[in-house]
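# A closer look at the structure
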Amino acid sequence: MSVSANDNTAKVSLRGFLAKYSVLIAFAAIVIFFSVASPTFLTPANLFNVLVNNVVMLAIVALGLTIVISSGGIDLSVGVSVDMASMVVVMLLAAGYSGVVGVAGGLGAALIVGILNAILITRLNISPFLATLGVLFIGQSTQQLATSGGQPIYLTSGYAADQFNAIARTALFGIPTPVIVLIVLVVAVHVLLHRSVFGRYVQAMGAQPGVAWYSGIRVQRELSMVHVLCALLAGVTGILLSATVKSYVPLSGNAFLLDAIGATFIGTTLSRERKPSVIGTLLGVLLLAIVKNGLLLVGWNFYWQQVGIGVLVFLVLAASFGLRRAAH
Amino acid sequence: MSASVLHTEVGVSDEKQAVAKSAGRRFGALVVRLGAIAAFAAIMAYFVIFAPGFTSTFNLINVVEQSAILGVLAYGMTAVIIGGGSDVTEGGIDLSIAANMGLCAAVYATLLSMGYGDFLSVLAAIAVGMAVGALNALAVVGFGILPLLATLAVLNVAAGMELTLTQNTVVGASSPLLGVLVSGSFLGISALAWALIVFSAIMIVVVHGTSFGLRLYAVGGHPEAARAAGISVPFYVSFTYVLSGFCAAVASILTVSRLSASTPGSGELLLSVLAAALLGTVFSRRFVPTMGGTLLSVLFIGLLANGFQLLNVSSYWVNGVQGALILLVVAITSFARGSEGSR
């Protein structure tokens with residue numbers, strides 16, 4: 001009798017373990033698979049390439065979404081923040097301003113998107129989903145109007161443009177600048193979200209908005225902060241993006257939205273309460289990036305990659321959610 | 001005895017207050033609803049007066065035809081939102097619907113171009129659409145994945161499969177059925193417009209005129225209560241996702257007929273579909289999604305784009321105005337809700 005009970009708890013805890021670590025297990029399995037399937041996968045050069053080209057920009061957008069999703073909201077307009085920052089920085093540089101002014105202007109543009117979201121959500125009581133959906137539409141129109149229907153703006157070589165492009169090309173102690181930016185932001189957002197009073201307020205609002213309000217948290221102020229931070233982080237990605245490609249391509253930021261949401265929610269499978277975390281989000285971003293890269297190396301074309309990623313995310317989520325449900 | 005009288009009296013006065021309050025609430029909601037509808041009407045009136053040819057029969061039928069695809073998709077989305085609850089992060093939503101339409105259109109056009117007949121091709125498109133819907137249902141109901149997340153993964157699968165199938169090219173298609181849809185007409189109304197009219201009628205009757213529809217609302221509004229009342233919640237939720245897949249397949253046939261081909265980029269419709277389904281709530285008395293409301297907002301979005309075109313306003317404005325309208329309508333709605341003292 002007692003043995004069978006023990007057996008049962010062992011089974012349940014094994015399921016719980018599998019549910020909790022399904023993403024990590026999948027991650028390890030995928031890394032092993034690609035290492036065997038492709039000789040170039042596990043080389044430092046390739047992993048470095050994945051980090052710089054696939055991870056950094058997506059991870060920064062996903063960090064912002066992690067904060068927003070922790071607060072119980074969503075931001076569909078991150079792509080607009082990316083695009084606006086990219087557009088303003090490239091326009092300023094093309095008009096002959098210095099890199100510093102350009103970067104400041106770009107971040108300012110993202111800040112405006114964030115403030116707009118914050119006003120709509122906290123002052124006008126619009127739900128984050130609808131508010132940011134509206135801003136997404138308006139942002140798309142704005143870009144089309146500003147670029148006569150979506151013409152890209154290219155930076156011709158010049159002092160300011162080269163100086164700006166250097167952001168993407170230079171390295172410090174052998175580490176490329178974008179990676180350093182990412183590391184700094186990861187540490188900052190981790191501390192902010194998991195080690196600070198602000199972070200605790202944000203988590204409380206996400207878990208129990210009513211209780212958070214009754215406990216005296218100034219929900220409106222904190223929520224405004226959350227959306228402004230998210231937009232600013234997306235703005236950083238916008239600047240890195242235009243520094244890398246030396247141009248602004250209208251409506252290109254939206255490509256980050258679905259991947260960033262996916263990465264953040266993949267990360268939530270790490271915690272029992274399904275709370276987003278910085279570590280989990282990074283893991284989600286790495287998973288997506290490695291699968292994309294691995295499928296490319298194994299010789300799948302771009303179109304099949306998308307199917308592969310969809311199937312993989314589906315399976316990971318099914319395993320995590322399904323096993324947890326079975327464990328209950 | 002006296003205590004019980006007192007109790008009743010308190011109860012009565014409470015009830016009176018509640019009645020007064022709910023009357024005020026109803027009045028506030030009515031004002032808001034009429035205000036939003038008046039705003040829509042004002043925009044329409046502006047177009048009628050200033051846009052040349054706006055009210056001509058030819059133009060209005062053209063708008064209905066253009067709205068057919070968006071409308072059919074928006075019905076699928078509306079059904080999912082009704083059955084899954086309208087909470088946007090945890091409730092029902094189908095992000096894969098537009099990508100699913102793209103996949104179905106690719107399947108349909110490819111089969112036609114390979115020489116299979118209309119019957120088989122339509123059947124295959126509908127099977128694919130419903131299979132994608134069933135995959136969503138499996139993820140949401142079977143595995144308990146958040147709809148937002150599950151349909152996001154399925155979106156990637158469907159969009160990727162469309163690309164693999166078509167290699168990101170335009171697949172031309174022609175068939176007797178497409179011929180009828182393009183040039184056929186009955187009572188002076190073209191086939192595409194008929195498609196929207198018939199589909200709308202079916203959806204409105206099923207969702208708002210049958211006990212099936214009533215149970216669907218119960219499942220979305222209060223799943224626990226629905227379960228306690230003996231309704232199979234998993235069945236109804238699954239049904240909405242499969243229905244949404246079916247709508248995607250129907251829309252795919254309409255889009256192939258309009259363009260005489262399957263073209264990449266159908267995923268861009270997603271946002272308009274969401275906007276139509278969510279804007280539609282303003283036409284309902286309790287701000288819930290309804291099929292009639294969705295139809296009105298679909299037509300409104302169509303008329304807006306059309307009016308801009310006739311006024312020679314750049315089409316780049318349409319998205320922005322659509323976004324601003326969503327914000328305006330929802331802000332007014334939430335203002336009315338807030339003033340009811342429910343917060």
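A brief look at the structure comes next.

Rules and cut-offs
Residues numbered from 1 in each chain as written. Chains lettered and ligands numbered in written order. Predicted model: local features only at pLDDT ≥ 70, side-chain atom pairs only at ≥ 80, totals over all residues. Heavy atoms only, no water. Contact = heavy atoms within 4.5 Å. Buried area = accessible area lost by both parts, 1.4 Å probe. Polar contact = N/O pair within 3.5 Å; in protein donor to acceptor, adjacent residues only side chain to side chain. Helix = DSSP H or I, 4+ residues; strand = E, 2+ residues; numbered from the N terminus. Nonpolar A, V, L, I, M, F, W, Y, C, P; charged D, E, K, R; others polar. Axes fitted to C-alpha atoms, helices over the stretch in contact; angles between N-to-C directions. Parallel < 35°, antiparallel > 145°, perpendicular 65-115°, else oblique. Left-handed = near helix turned anticlockwise from the far one by under 90°. Core = buried A, V, L, I, M, F, W, Y, C linked by side-chain atoms within 4.5 Å. Buried < 20%, exposed > 50% of the residue type's maximum accessible area, 1.4 Å probe, protein only.

Turning our eyes to something else, we now look at the interface of chain A and chain B. Note: interface size is frequently given as the accessible area lost on complex formation between the parts. The interface of chain A with chain B comprises 40 residues on the first partner and 46 residues on the second. Interface area, chain A with chain B, both sides summed: about 3900 Å², of which 77% is carbon and sulfur. On the chain A side of the interface with chain B, the three residues burying the most area are Phe137(A), Tyr303(A) and Phe314(A), jointly 19% of the side's total. Counting across the chain A and chain B interface gives one residue pair in polar contact (both at pLDDT 80 or more). Elements supplying a minimum of two residues to the side of chain A that touches chain B: helix 5 (128-146), helix 11 (254-268) and helix 13 (302-327) of chain A. Among the residues forming the side of chain A that touches chain B, the class breakdown is 25 nonpolar, 14 polar and one charged.

The next point concerns the packing of helix 3 (residues 97-113) of chain B against helix 4 (residues 118-142) of chain B. All names here are of chain B. The geometry of helix 3 relative to helix 4 is characterised by a closest axis approach of 9 Å and an angle of 155° between their N-to-C directions. Relative to helix 4, helix 3 is oriented roughly antiparallel. Handedness of the helix 3/helix 4 crossing: right-handed. Across the interface between the two elements, Asn100, Leu103, Cys104, Val107, Tyr108, Leu111 and Leu112 from helix 3 touch Asp118, Ser121, Val122, Ala124, Ala125, Val128, Gly129, Val132 and Gly133 from helix 4. When grouped by side-chain class, the residues that make up the contact of helix 3 with helix 4 number 11 nonpolar, four polar and one charged.

A few words on the environment of Phe27(A). All names here are of chain A. For Phe27, the position within the fold is in helix 1 (residues 2-37). Separated by 260 residues in sequence, Phe27 and Leu287 place their C-alpha atoms 6.2 Å apart. Among all residues touching Phe27, those that are not within four sequence positions of it are Leu283, Leu286, Leu287 and Ile290.

Time to look at the nonpolar core. Counting residues in hydrophobic clusters, the biggest one holds 201 residues, and the most contacted among them are Leu133(A) and Met77(B). Considering each element in turn, this core owes the most residues, 15 residues, to helix 2 (residues 44-70) of chain A.

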